[in-house]
Amino acid sequence: MALQLSRKTDPYTPLDRPLKELTIALVSTAGVHRKVDEPYNVEGDERFYIFPGDVASGDLMVTHSHYDHADADRDINCVFPLDRLRELATEGVIGGISNKHAGMMGFTKKLTYVYEHTVPALGEEIERSQADAVVLTGGCPFCHRVATVVQREIESRGVPTVFITVRPEETQIMRPPRAFCPAGFPLGHSLGLPNRPDLQRQVLVDALRQLEQLHMPGSVVVKEYPEYRGLFSRGT
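Notes on the structure follow. Residue numbering note: each chain is counted from 1, following its sequence as written. pLDDT decides what is reported in this predicted model: residues at 70 or higher carry local features, side-chain atom pairs at 80 or more are listed and counted, and totals for whole chains, interfaces and linings draw on all residues regardless. Each side-chain value is derived from all of the structure's non-hydrogen atoms; neither hydrogens nor water enter the calculation.

Overview of the overall build of the chain
Thinking step 1. For the purposes of this entry, the term helix denotes a DSSP run of H or I that reaches at least four residues, the term strand denotes a run of E that reaches at least two, and both are numbered from the N terminus. Summing up its helical and strand segments, the chain has 7 helices and 10 strands in all.
Thinking step 2. As defined in this context, the radius of gyration uses C-alpha atoms, and a globule is described by 2.2 Å times the residue total to the power 0.38. Here the C-alpha radius of gyration of the chain, 16 Å, is about what a compact globule of 236 residues would show, namely 18 Å.
Thinking step 3. C-alpha extents for the chain along the principal axes are approximately 45 × 40 × 35 Å.
Thinking step 4. Split into buried and exposed, the 236 residues of the chain put 56% on the buried side.
Thinking step 5. Here, residues are in contact when the closest pair of their heavy atoms is within 4.5 Å. Long-range pairs, those at least 24 residues apart, make up 76% of the contacts in the chain between residues at least 6 apart in sequence.
Thinking step 6. Values of accessible area rely on a 1.4 Å probe in the Shrake-Rupley scheme; residue burial ignores everything except the protein chains shown. With an accessible surface of roughly 9,900 Å², the chain has 50% of that area assigned to carbon and sulfur atoms.
Thinking step 7. Taking the average location of the 26 positive side-chain charges in the chain and that of its 31 negative ones, the two points are 3 Å from each other. Relative accessibility decides the category of a residue: with a 1.4 Å probe and only protein chains considered, values under 20% of the type maximum give buried, values over 50% give exposed, and everything between is partly exposed. Note that His is not counted, nor are the chain ends; the positive residues are Lys and Arg, and the negative ones are Asp and Glu. Charge positions are represented by NZ for Lys, CZ for Arg, CG for Asp and CD for Glu.

Some details on helix 4 (residues 141–156)
Thinking step 1. For a helix, the expected span equals 1.5 Å multiplied by the number of residues minus one. Relative to the 22 Å expected for 16 residues at 1.5 Å per residue, helix 4 spans 23 Å between its end C-alpha atoms, a close match to the ideal helical length.
Thinking step 2. Within helix 4, 13 of the 16 residues are buried, which leaves it mostly tucked inside the rest of the structure.
Thinking step 3. Where helix 4 ends, the next residue or the one after it, G158, has phi of about 90°, a positive value.

Scope: geometric values only; no functional claims are made or implied.
As structure tokens, then:
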């Protein structure tokens, strides 16, 4: 039974096994969906989609008009690091990939409906999946707030989570159970630049490591990546 979302109660589920034994799911409010799915309504959408664990990254796309996702269109791993996650599973850094992932567009004009219906339904899908833990990402600033609500719902169901946020101020106000921020990364680049698996991998591993740490709910861990400073402005 899911706990009612409340600012007075911060859901937090401690990790009960090593990272190398965890099956991980991805959940994003960045507007990710399969190319065969009906696109989201960019003026506001209350749906979510479930993707099978073996979905090809090339079969995914983004529909969203409230942040620049041009680089994610080139490489979905910028906001939905499926390929990087699979590499970590192959290398034994994590235990495996969940049989379900989820995507939604966090921008909505029906916030009450999303909070009362969409979020619990998505949380139930993840709770019933093989996921031992979840990595979340967001799209626009508003998506970051909705992603934290989704995160809190999943966490309340006993599944540890970590949110990779590039808008820490939007995330922190919603009191995330765990959040990790790659400092200076812009919207649409939760994991970094397109076709830079080295950077994407480093950010993903650093985020996953937060699952092994004790966190004060509502805090955001920020990490600088000085070796990549300036790359975003150069577009390389």
